[in-house]
Amino acid sequence: RPFHVEPTNIVSVNDDMQRVTDEASAMNKRIHYYSRLTSPSDRALIAPDHVLPAPDEIYVYSPLGTAFKVDSCTDGYGKNSSLVTIFMIWNTMMGTSILSIPWGIKQAGFSSGVILILLMGILTLYCCYRVVKSRQMIPLTDTSNWEFPDVCKYYFGSFGQWSSLLFSMVSLVGAMVVYWVLMSNFLFNTGKFIYNFVHDINVTDIVPGTNGSNKVICPSAAGDHPPQNRSVMFSSGNRTGFELFEEWWNKSQTVPFYLIAVLLPLLNLKSPSFFAKFNVLGTVSVVYLVFLVTVKAAHLGIHLEFNWYTENEFFVPEFRILFPQLTGVLTLAFFIHNCVITLLQNNKNQENNVRDLSIAYFLVGLTYLYVGVIIFASFPSPPLSKECIEQNFLDNFPSDDIMSFVARIFLLFQMMTVYPLLGYLARVQLLRQFFGNAYPSLFHVLILNLAIVGAGVAMARFYPNIGGIIRYSGAACGLAFVFVYPSLIYMISLHRAGQLTWSALIIHIFIILLGLANLIAQFLL
């Protein structure tokens, strides 16, 4: 859209013309960024309307598909206030990892888990700060439109370009696989709740659990996989009809395939921008999850016992050798490094970038800590063991739990709107590199989408463990974008400037080794 200024907006030539110039520059940077993501014929990410804010409102769009409007936090000239910037980063970072944080704390031990969340937050924040500074250390006249993959290409050539593409695809496809597993889970439990309610069927799962109105269950105690509807006792209802329902409504054998009919056509759309309008549900979902765990904890109480190295029937030690499973999850939970430059470049006060980034990380870490600690501490032990905490903590609440049912509905709808956007970003990054066009033909797009959907269905069918998927993909993409590239780029830039010291060299080599050890440990534990 061409830039236009009404004459009535110009009051002072000296002051206002400078502000107009700054506004035009900011808009051109945004337009340039969106234009690089897609082909000229595809307008899904080309200069959307919210790039040109009205004087009294601004629409914020993050690279991960989060769109929301802020009415009073902008100066009206295309710049975001610190409050908006902090919220953008928090909203972009918060994702499905929050569902696995309690399980990760259980794997690491309570005290070790809390310490690891704090340490990983600090470490990933430092590496994120290095990403932000990496563009500023390049001795070129104009790098304002560069993103972190451009910086990698500058320092490492075609290897940096293709490796950053590879690890970016790992994070995107990994997220889409986790989404498919979770959507299958939420759709199954939602359908089970609705069927039982409509047919007035009172079903009791044959799994260990607490009694009362705030029931907590232990699905893993029934076997390696959570029980399906067939593991039930009937107190009312039609047994024959229910058996037919359970045959066609199975969490791993049928429901993952039902999603194909809905999501595969959406992935093939040229422009998924319509779905960005619903992504504010992500914020609503996180807020509701915080509310849910608070209410549940208030009813269940606190159940903690501190044993540093010994394990008993109901509690886990404070330190466990499985702690790398939590660090793998946290690497993805704090991952924003491949798009943080975009989120900060329109901050009104650029000198506050470090402060705003630090505050955002603090809020993200606080959210993870609150949900993880509250769920772990309030899990009723005894009668259940802390080992019963599931990789998706909502699985510890039965399908007929009203609050969990509402949470699953929120998350299901939100994920179904984000999934086409993630698929679009994967398509843009991959097909443009190979064919120079984000939509070379329906055949190319269909083949790519079938591969992505097939990976999701296979995982939902044979390996529906979101904690495992998150930690593997997090450790893999985090190795490149969080640990290796920021540290190497910083050391290279210092070396070229003649400022590299032994202390900086040792510290950043140690960070790289931590990332490598984090990845290797995922396959050993």
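Everything numeric in this text was worked out from a predicted model, so none of it was measured.

Trainee: Is there a simple way to explain the packing of helix α4 (residues 110–136) against helix α14 (residues 466–496) in this structure?
Mentor: How two helices sit against one another is set out by the angle between their axes and by the gap between those axes. Remark: α4 packs on α14, axes separated minimally by 9 Å, with the N-to-C direction vectors making an angle of 45°. Relative to α14, the element α4 lies oblique. Handedness of the α4/α14 crossing: left-handed. In this structure, α4 uses Met120, Leu123, Thr124, Tyr126, Cys127, Arg130, Val131 and Ser134 to contact α14, whose residues at the interface are Phe481, Val482, Phe483, Pro486, Ile489 and Tyr490. Taken together, the residues of the contact of α4 with α14 break down into 11 nonpolar, 2 polar and 1 charged.

Trainee: When you look at the pattern of salt bridges in this model, what are you seeing that I'm missing?
Mentor: Between side chains of opposite charge, a pair can form when the charged atoms approach closely. Per the stated rule, a full pass over the model turns up 4 salt bridges. The partner of Asp401 in a salt bridge is Lys296, with the nearest N and O atoms 2.6 Å apart. Here Asp401, found in the loop between α11 (353–378) and α12 (402–435), pairs with Lys296, found in helix α8 (residues 281–300); they are 105 residues apart in sequence, far enough to count as distant. Note on Lys296: relative accessible area 3%, which makes it buried. Notably, a salt bridge pairs Arg355 with Asp356, separated by 3.0 Å at the nearest N-O pair. Given a relative accessible area of 43%, Arg355 falls into the partly exposed group.

Trainee: Help me out: how do you make sense of helix α15 (residues 502–524) in this one?
Mentor: One turn of an α-helix holds 3.6 residues; hence residues three or four places apart share an orientation. The first and last C-alpha atoms of α15 sit 32 Å apart over 23 residues, in line with the 33 Å expected at 1.5 Å per residue. Among all positions of α15, only Ala504, His508, Ile511, Ile512, Gly515, Asn518, Leu519, Ala521 and Gln522 are buried. Taken together, the buried residues of α15 touch α4, α9 (324–333) and α14.

Trainee: Mind showing me how you'd approach the environment of Val340 here?
Mentor: Residue placement: Val340 occurs in helix α10 (residues 340–344). Counting along the chain gives 193 residues from Val340 to Glu147, while the straight-line C-alpha distance between them is 8.6 Å. Not counting residues within four places of it along the chain, the set of residues in contact with Val340 comprises Cys128, Val131, Val132 and Leu357.

Trainee: Teacher, can you tell me more about the nonpolar core here?
Mentor: The tendency in soluble globular proteins is for nonpolar side chains to be buried side by side. Within the largest apolar cluster, 129 residues are counted, with the highest numbers of intra-cluster contacts made by Leu99, Phe393, Leu394 and Tyr419. Considering each element in turn, this core owes the most residues, 20 residues, to helix α5 (residues 148–198).

Trainee: Before we go on, may I ask you to explain the environment of Pro324 in this structure?
Mentor: Note that Pro324 resides in helix α9. In this structure the C-alpha to C-alpha distance between Pro324 and Leu519, which are 195 residues apart in sequence, comes to 8.8 Å. Among all residues touching Pro324, those that are not within four sequence positions of it are Asn518, Ala521, Gln522 and Leu525.

Trainee: Can you walk me through unusual backbone geometry in this structure?
Mentor: Residues apart from glycine generally show negative phi values, whereas peptide bonds are mostly found in trans. Here Ser381 and Pro382 are connected by a cis peptide whose omega angle stands at -15°. Along the chain, Pro382 turns up in the loop between α11 and α12. Of note, the amide linkage connecting Pro382 to Pro383 takes the cis form, showing an omega dihedral of 15°.

Trainee: Is there a simple way to think about the environment of Ala175 in this case?
Mentor: Along the polypeptide, Ala175 turns up in helix α5. For Ala175, a relative accessible area of 23% corresponds to the partly exposed category. Expressed as a C-alpha distance, the spacing of Ala175 and Leu332, which sit 157 residues apart in the sequence, is 9.6 Å.

Trainee: What exactly am I supposed to notice about the state of the cysteines here?
Mentor: Put plainly, two cysteines are in a disulfide when a covalent bond ties their sulfur atoms together. Enumeration over the complete set of coordinates arrives at 1 disulfide. What pairs with Cys218 in a disulfide is Cys388, and their sulfur atoms sit 2.0 Å apart. Where Cys218 bonds to Cys388 through sulfur, the torsion about that S-S bond is close to -80°, and the disulfide is left-handed. A residue pair is termed long-range when its members are at least 10 positions apart, and Cys218 in the loop between β3 (203–205) and β4 (232–234) and Cys388 in the loop between α11 and α12 qualify at 170 residues. Judged on exposure class, the residue Cys218 and its partner Cys388 are both buried.

Trainee: Looking at this structure, I do not really get a nonpolar patch on the surface. What am I missing?
Mentor: A surface patch of nonpolar side chains, amounting to about 650 Å² of accessible area, comprises Ile321, Ile509, Leu513, Leu516, Ile520, Leu524 and Leu525. Position of Ile321 among the secondary structure elements: in the loop between α8 and α9. The exposure class assigned to Ile321 is exposed, which follows from its relative accessible area of 58%.

Trainee: What is the right way to look at the packing of α14 against α15 in this model?
Mentor: The interhelical angle for the contact between α14 and α15, taken along N-to-C directions, is 165°, at an axis separation of 9 Å. By the angle between their directions, the pair α14 and α15 is classed as roughly antiparallel. In this structure, α14 crosses over α15, and the sense of that crossing is left-handed. From α14, Arg471, Tyr472, Ala475, Ala476, Leu479, Phe483, Val484, Ser487, Leu488, Tyr490, Met491 and Leu494 reach across to α15, where they touch Ala504, Leu505, His508, Ile509, Ile511, Ile512, Gly515, Leu516, Asn518, Leu519, Gln522 and Phe523. Residues belonging to the contact of α14 with α15 are distributed by class as follows: 18 nonpolar, 5 polar and 1 charged.

Trainee: Is there a simple way to explain the packing of aromatic side chains in this structure?
Mentor: When we look at a pair of aromatic rings, we describe it by the centre distance and by the angle of the planes. Throughout the structure, instances matching the rule amount to 22 aromatic pairs. Centroid distance Phe335 to Phe481: 6.1 Å. Interplanar angle 55°. Geometry classified as tilted. A residue pair is termed long-range when its members are at least 10 positions apart, and Phe335 in the loop between α9 and α10 and Phe481 in helix α14 qualify at 146 residues. Across the pair, exposure class does not vary: Phe335 and Phe481 are buried alike. Members of the aromatic cluster, connected to one another through ring pairs, are Phe148, Tyr154, Tyr155, Phe156, Phe335, Phe481 and Tyr485.

Analysis parameters
Residues numbered from 1 in each chain as written. Predicted model: local features only at pLDDT ≥ 70, side-chain atom pairs only at ≥ 80, totals over all residues. Heavy atoms only, no water. Axes fitted to C-alpha atoms, helices over the stretch in contact; angles between N-to-C directions. Helix = DSSP H or I, 4+ residues; strand = E, 2+ residues; numbered from the N terminus. Parallel < 35°, antiparallel > 145°, perpendicular 65-115°, else oblique. Left-handed = near helix turned anticlockwise from the far one by under 90°. Contact = heavy atoms within 4.5 Å. Nonpolar A, V, L, I, M, F, W, Y, C, P; charged D, E, K, R; others polar. Salt bridge = Lys/Arg side-chain N within 4 Å of Asp/Glu carboxyl O. Buried < 20%, exposed > 50% of the residue type's maximum accessible area, 1.4 Å probe, protein only. Expected span 1.5 Å × (residues − 1). Core = buried A, V, L, I, M, F, W, Y, C linked by side-chain atoms within 4.5 Å. Disulfide = S-S within 2.5 Å. Patch = residues over 30% accessible without salt bridge, like charges linked within 9 Å, V, L, I, M, F, W, Y side chains within 5 Å. Areas by Shrake-Rupley, 256 points an atom, 1.4 Å probe, with all protein chains shown as cover. Phe/Tyr/Trp six-rings, centres within 6.5 Å; stacked < 30°, edge-to-face > 60°.

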